[in-house]
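Below, each chain spelled out in residue letters.
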Amino acid sequence: MESYLNENFGEVKAKNSSEEALQRWRKLCWLVKNRKRRFRFTANLSKRFEAEAIRRSNQEKFRVAVLVSQAALQFIHGLSLSSEYTVPEEVKAAGFDICADELGSIVEGRDVKKLKIHGGVEGIANKLDTSVDDGISTSEHILQKRKDIYGLNKFTENPPQGFWVYVWEALQDTTLMILAVPADGLFVSGFSLLINESSLTGESEPVNVSNLNPFLLSGTKVQDGSCKMLVTTVGMRTQWGKLMATLSEGGDDETPLQVKLNGVATIIGKIGLFFAVVTFSVLVQGLVSRKLREGSQWTWSGDDAMEIVEFFAIAVTIVVVAVPEGLPLAVTLSLAFAMKKMMNDKALVRNLAACETMGSATTICSDKTGTLTTNHMTVVKACICGKIKEVKGSNVSSDFSSDIPDSALAILLQSIFNNTGGEVVKNMNEKVEILGSPTETALLEFGLSLGGDFQKERQAVKLVKVEPFNSLKKRMGVVLQLPEGGFRAHCKGASEIILAACEKVVDPNGEVVPLEEDSINYLKDTINKFADEALRTLCLAYVDIGDQFSVETPIPNRGYTCIGIVGIKDPVRPGVRESVAICRSAGVTVRMVTGDNINTAKAIARECGILTDGIAIEGPEFREKSEEELLKIIPKLQVMARSSPMDKHTLVKQLRTTFEEVVSVTGDGTNDAPALHEADIGLAMGISGTEVAKESADVIILDDNFSTIVTVAKWGRSVYINIQKFVQFQLTVNIVALIVNFSSACLTGNAPLTAVQLLWVNMIMDTLGALALATEPPTDDLMKRPPVGRKGNFISNVMWRNILGQSIYQFAVLWFLQTRGKAAFHLDGPDSELILNTLIFNSFVFCQVFNEISSRDMDKINVFEGILKNYVFVAVLTCTVIFQIIIVEFLGTFASTSSLTMKQWFGSVLFGVLGMPVAAALKTIPVGSN
């Protein structure tokens, strides 16, 4: 079965499937019982083709409009302009002189002529009763008038479906989208404004927007420059809004599992149809044979016709039982449940298939900055007054204050807070906020942690001169006028350069002493030690320059006194090392791909547990390797530093195609889009990621944390395993019901399970079974098994073992009841047949109830662990049992059942319970690999 599924249904990928593949598997499902229900989870391809045609048409219109408007600009000024525009009465009554449609037509068509008719941008602003300097009035009354005339600044979305709607109807999949508010408008003022309009026009060349070409469309991107814009149309009236409205039709692609399970349903449906035809033929042949023996083959009565109708009903019942139409529903329920829970775990799923694909991931290629690290530079070590100390959060102030003399601490804080390009401010909530570059922010945080007061230090001295940081000099300097008189210069920068300019040093007693050879060697060793730990080192120094200094005088470059050396780095996020270890135990290889230098990358990779005995390589060296060399290097590659976006793309492509890995990639920049698109699962960073990266990604990590990626992998495995559990459960029911009804119909001429009873069994299998098994939460044990990978069979040998073993047991029970049930339960009298069929039905249902419990784990014998924590599972089982009692005891006429005695109830339940030790025994039987 697996090879058939892979051959015929395996062309649909987790992402970027071809339209031909999507059409092909639909054609393979040529015969289904209810096409509307079977394909309710799949994309509407005809709608999608229609929307794509509209989108291409719109792009062409925009492109033509751009070209025509550019060609016509030179002729416009010579035209005599006359206005034929009439202001609608409702617009006049609201106090405006131009309607939304007229505004839209100006910007859509880039109509310079119309713009001039209305008096240009200033004229449009006056007609909109707004100011290009002060904007619109904030009066509620006037704002409401604007909304009534010009519409809401909001993109119209379809109302979201709740979780229980999936359970009840399973109409569509939840897709969460991050949307910017669209607005078209006109250029008012600005400089060097370049707009990338490729998303609308398809043209890659940026457009220069100015007073001569003032049209700005939503959905386009500012490539360079800045401007002030007069908004003309908003929301669904914009071109982006109209385009998005067309693209929202058609639905999402079905996932590979949905396609495979539709394939399973089709195969079993065809098998059921075959058995139904054979059954009907056997029963009709039996009737014809009987009439031939009686010699009444030429005489057919109404009773004979009713008998044929009953035979047909039996055949239809077999088809009903055989088709497992709950399989796609289980996928949708499990994915929807996982998506909802993953949102709580800071992961936003944009592509539904990513949930199931992530469970098969064998490799994660992760960024360093912001993902493995905090993306927040911090002083982690410092050598002040000749003493090296680690900086650890809240302990900094007490540790350093106790070991640093007051005089040395004062000069250190003066250097940190005055020789800086950053600022310490208070926001609207009166919370301290630090502004500046990452390095400046780290130093200012260090100063504050030492008990310093930024404003007090700045106000205590007068800033006379500033020399900003220069990449050539690799230093920054300031000159301060001291309150007691005289001037002092502070400098900081690359440790080797600043140390070379020093002649003195502050000793452990806070005294200024000459910088001797031993002290120089000690400080150089400290710098090297910090560098070996991947710390960025800065040296702080000062020099008193007397009472005379003018702004024109350069800041001294020698004679400084060394205050100390600080080591700064972007620290590893808490929990990353543990998460990498979890991935390793789960058979998932974690690789770091970063643009940082090789030494920093290796140090961070070792700290995270990524770099063990593998290879660390730089991007330029990687891209020069031949195909043969890459085949040897990539399996051992753990760190790639100084990598370009194309290096990352090449690595991902090689892993996916040559090594057939299932690859997950993180990215945050626009240039990461190719790798995110190429990967099986693209993971964009929600905080530091660009909009382009997020659009290319399948999952958005909302907290930029690597530990969240591991959580996504765990949920992906949970989805995959849950669906396997449900498939195992449902196929067991299908096989047993099919064989029992077929064999009974052929041997006795009737089916023990009626149509109503089978509908209830279908309810247990489809909706309730899917709801119970597809919503099992993930466990830590999921990350202790190897990944499925790209070649793994969905229906594994373990599943076949459990399915066949449980099917044989259940068939034996039902066949025993069918043939020996009357004797075993001492049934006689006119109702004996009805009671026996009720016993068979009741036993069959309880076999499924306890098989559902056994299906909670396909390998472990203890299936009760954590069962009470899954409220959905407990509720489903409880409801199933309660409704079964109601059907048997109170709905006899409707369900063709008879009330059972306590002994008969006990027997039915016992048959179900005995299925659990059978399932436990089956799990001890070893089976080969997939």
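Keep in mind it's a predicted model, so treat the numbers as computed, not measured.

Here's the deal with the overall build of the chain
- Of regular secondary structure, the chain possesses 36 helices and 23 strands.
- The buried share of the chain, reckoned over its 930 residues, is 50%.
- Taking the contacts inside the chain whose residues are at least 6 apart along the sequence as the reference set, 72% of them involve residues at least 24 apart.

Quick notes on the sheet that holds strand S19 (residues 615–618)
- Spatial ordering of the open sheet is given by S5-S23-S22-S21-S6-S18-S20-S19, a layout of eight strands whose pairing is mixed. Across the chains shown, the open sheet's two edge strands, defined by having one partner strand only, are strand S5 (347–349) and S19. For this sheet, the mean angle separating the axes of adjacent strands, direction not counted, is 20°.
- As paired elements, strand S21 (residues 663–667) and strand S22 (residues 681–685) share four bridges and run parallel to each other. Note on S22: the bridge partner recorded for Val665 is Gly682.
- Lying on the sheet, helix H27 (residues 645–657) is in contact with strand S6 (363–366), strand S18 (589–593), strand S20 (637–641) and S21; it crosses S21 at an angle near 165°.

Some details on the confidence of the model for the chain
- Put simply, the chain has an average pLDDT of 80, and 82% of its residues get 70 or more.
- Across residues 166–179 the pLDDT falls below 50, and counting only partners more than four positions away or on other chains, this stretch makes 38 contacts in the model.
- In the predicted structure, residues 246–250 sits below a pLDDT of 50 and forms nine contacts with residues beyond four places in sequence or in another chain.

Notes on the pairing of strand S8 (residues 387–390)
- As defined by bridge partners, strand S7 (residues 378–384) adjoins S8 across four bridges and the pair is classed as antiparallel. Looking at S8, one finds that Lys381 is bridged to Glu390.
- Linkage of S7 to S8, two consecutive antiparallel strands, is achieved through a turn of two residues, within which Cys385 is found at a positive phi near 55°.

Some thoughts on helix H36 (residues 902–923)
- Here H36 spans 32 Å end to end across 22 residues, near enough to the 32 Å set by a 1.5 Å rise per residue.
- Restricting attention to buried positions, one finds in H36 the residues Gln904, Trp905, Gly907, Ser908, Phe911, Gly912, Gly915, Met916, Ala919, Ala920, Leu922 and Lys923.

Some remarks on the pattern of salt bridges
- Per the stated rule, a full pass over the model turns up 18 salt bridges.
- Among the salt bridges present, the one from Arg656 reaches Asp680, with a minimum N-O distance of 3.1 Å. With Arg656 in helix H27 and Asp680 in the loop between helix H28 (673–678) and S22, this residue pair connects regions lying 24 residues apart in the sequence.
- For Asp680, a relative accessible area of 7% gives the class buried.
- Each of Arg290, Glu294 and Glu307 takes part in one network of salt bridges that share partners.

Quick notes on the UniProt feature "transmembrane region" (unreviewed entry) in the chain
- Following the UniProt record, one finds the feature "transmembrane region" (unreviewed entry) at residues 267–288, 308–338, 871–892 and 904–922.
- Taken end to end, residues 267–288 has its terminal C-alpha atoms 32 Å apart, with 100% of it in helix and 0% in strand.
- With 100% helix and 0% strand, residues 904–922 has end C-alpha atoms that lie 28 Å from one another.

Brief notes about unusual backbone geometry
- Despite not being glycine, Cys385 has its phi angle at roughly 55°, a positive value.
- Here Cys385 shows up in the loop between S7 and S8.
- A positive phi is found at Glu660, a non-glycine position, where the angle reads about 55°.
- Following the sequence through the fold, Glu660 ends up in the loop between H27 and S21.
- A relative accessible area of 37% means that Glu660 is categorised as partly exposed.

A look at the packing of helix H32 (residues 797–824) against helix H33 (residues 832–854)
- Here H32 crosses H33 at 165°, and the two axes come no closer than 10 Å. Relative to H33, the element H32 lies roughly antiparallel. The two elements H32 and H33 cross, and the hand of that crossing is right-handed. Contacts from Gln806, Gln810, Leu814, Leu817, Gln818, Gly821 and Lys822 in H32 reach Ser832, Glu833, Leu836, Leu839, Ile840, Ser843, Phe844, Cys847, Gln848 and Asn851 in H33.
- Taken together, the residues of the contact of H32 with H33 break down into seven nonpolar, eight polar and two charged.

A look at the packing of aromatic side chains
- Under the counting rule described, the total for this entry stands at nine aromatic pairs.
- Ring geometry for Phe417 and Phe454: centres 5.7 Å apart, planes at 90°, overall edge-to-face. In this pair, Phe417 is assigned in helix H18 (residues 406–418) and Phe454 in helix H20 (residues 454–460), connecting sequence segments 37 residues apart. Phe454 matches Phe417 in its accessibility class, with the two residues each being buried.

Things to note about the nonpolar core
- Residues Met358, Val699 and Phe706 are the most contacted members of the largest nonpolar core, which totals 123 residues.
- The biggest single contributor to this core is helix H30 (residues 706–748), with 20 residues.
- Look past the residues within four positions of Val699 in its chain and what remains in contact with it is Ala347, Leu348, Val349, Arg350, Ala354, Ile681, Gly682, Leu683, Ala684 and Val712.
- The next biggest cluster of nonpolar side chains, apart from the first, holds 28 residues, and it includes Val391, Ile411, Ile416 and Tyr542.

What about the pairing of strand S14 (residues 502–506)?
- Strand direction decides the pairing type here: S14 and strand S17 (residues 560–569), joined by three bridges, are parallel. Considered in S17, the bridge of Cys502 is made with Tyr560.
- Two successive antiparallel strands, S14 and strand S15 (residues 512–514), enclose a turn made up of five residues, where Gly510 displays a positive phi of approximately 85°.

Topic: a nonpolar patch on the surface
- On the surface, Ile882, Phe883, Ile885, Ile886, Phe890, Leu891 and Phe894 cluster together into a nonpolar patch covering about 690 Å² of accessible area.
- Considering every element that reaches the nonpolar patch, the biggest residue donor is helix H34 (residues 871–890), with five residues.
- Turning to its location among the elements, Phe883 is positioned in helix H34.
- Note on Phe883: relative accessible area 45%, which makes it partly exposed.

Here's the deal with the side chain of Lys291
- Locating Lys291 in the fold gives a position in helix H13 (residues 256–294).
- The residues contacting Lys291, other than those within four sequence positions of it, are Ser296, Gln297, Thr299, Trp300 and Asp304.

Brief notes about H32
- Helix geometry: H32 is bent most strongly at Gln818, by close to 55°.
- Of the residues one or two after H32, His826 is the one with positive phi, at around 55°.

Thoughts on the packing of H30 against H33
- Between H30 and H33, the least distance of the axes is 10 Å, while the angle of their chain directions is 160°. It follows from the interaxial angle that H30 and H33 lie roughly antiparallel. Between H30 and H33 the crossing geometry is right-handed. Contacts from Phe729, Thr732, Val733, Val736 and Ala737 in H30 reach Phe844, Gln848, Asn851 and Glu852 in H33.

Rules and cut-offs
Residues numbered from 1 in each chain as written. Predicted model: local features only at pLDDT ≥ 70, side-chain atom pairs only at ≥ 80, totals over all residues. Heavy atoms only, no water. Helix = DSSP H or I, 4+ residues; strand = E, 2+ residues; numbered from the N terminus. Buried < 20%, exposed > 50% of the residue type's maximum accessible area, 1.4 Å probe, protein only. Contact = heavy atoms within 4.5 Å. Pairing = 2+ DSSP bridges. Axes fitted to C-alpha atoms, helices over the stretch in contact; angles between N-to-C directions. pLDDT = per-residue confidence, 0-100. Expected span 1.5 Å × (residues − 1). Salt bridge = Lys/Arg side-chain N within 4 Å of Asp/Glu carboxyl O. UniProt positions renumbered as here; feature names shortened; annotations may be inferred. Parallel < 35°, antiparallel > 145°, perpendicular 65-115°, else oblique. Left-handed = near helix turned anticlockwise from the far one by under 90°. Nonpolar A, V, L, I, M, F, W, Y, C, P; charged D, E, K, R; others polar. Phe/Tyr/Trp six-rings, centres within 6.5 Å; stacked < 30°, edge-to-face > 60°. Core = buried A, V, L, I, M, F, W, Y, C linked by side-chain atoms within 4.5 Å. Patch = residues over 30% accessible without salt bridge, like charges linked within 9 Å, V, L, I, M, F, W, Y side chains within 5 Å. Areas by Shrake-Rupley, 256 points an atom, 1.4 Å probe, with all protein chains shown as cover. Bend = angle between axes of the 7 residues up to and from the residue.

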